[in-house]
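Chain and residue survey
This is what each chain is made of:
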Amino acid sequence: MSLSVPTNPLCPEFTVCGQISLTDVAVLARKGFRSIINNRPDGEGGPDQPTSAQIEAQAKAHGMHYVHFPVSNLMISEAQVAAYQQQCAELPHPIVGFCRSGGRASALFQACGGQVGKAG
């Protein structure tokens, strides 16, 4: 089984991708990811987008950690960057971050200086 979206590894500890499906969570777990960060607000993509709660339930069912860190645009504040960097440092690695296309997840990683903290 393969992912429904392509992934883009930004470093060995952090990969980004577009909107994942509920079945993608199992694939990500099998690929060795230990945490998921969802940067997409619920409902942004309409009724076909899985909710944060649905993805979180799948992540937990597969032994993964999950964080919902919605960002509605690329105007990322210093407070958001600091909070994101803290989340990345505390989560078990490797981490996959996603949003609609992967752009916001990538922008947050870059805003953190390309650092996700020590592997957990």
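A brief look at the structure comes next. What you see is a predicted model, and the numbers here were worked out from it, not measured in a lab.

About the cut-offs
Residues numbered from 1 in each chain as written. Predicted model: local features only at pLDDT ≥ 70, side-chain atom pairs only at ≥ 80, totals over all residues. Heavy atoms only, no water. Pairing = 2+ DSSP bridges. Helix = DSSP H or I, 4+ residues; strand = E, 2+ residues; numbered from the N terminus. Axes fitted to C-alpha atoms, helices over the stretch in contact; angles between N-to-C directions. Buried < 20%, exposed > 50% of the residue type's maximum accessible area, 1.4 Å probe, protein only. Contact = heavy atoms within 4.5 Å.

Now for the sheet that holds strand β5 (residues 95-98). Taken together, five strands build an open sheet; the order of strands is β1-β2-β5-β3-β4 and the sheet is mixed. Pairing within the sheet leaves two strands with one partner each, and these edge strands are β1 (7-11) and β4 (65-68). For this sheet, the mean angle separating the axes of adjacent strands, direction not counted, is 20 degrees. Note: strand β3 (residues 35-38) against β5, four bridges, orientation parallel.

All right, on to the pairing of β5 then. Alternating residues of β5 divide into I95 and G97 and V96 and F98, and every residue in both groups is buried. As judged from the four bridges shared by strand β2 (residues 14-17) and β5, these two strands associate in the parallel manner. Among the inter-strand pairings, C17 is bridged to a residue of β5, identified as F98.

This paragraph deals with the environment of S106. Here S106 is to be found in helix α4 (residues 103-111). Sequence-wise, S106 and T15 are 91 residues apart; in three dimensions their C-alpha atoms are separated by 8.5 Å. Those residues within four positions of S106 in sequence are excluded, and the remaining contacts are L10 and V16.

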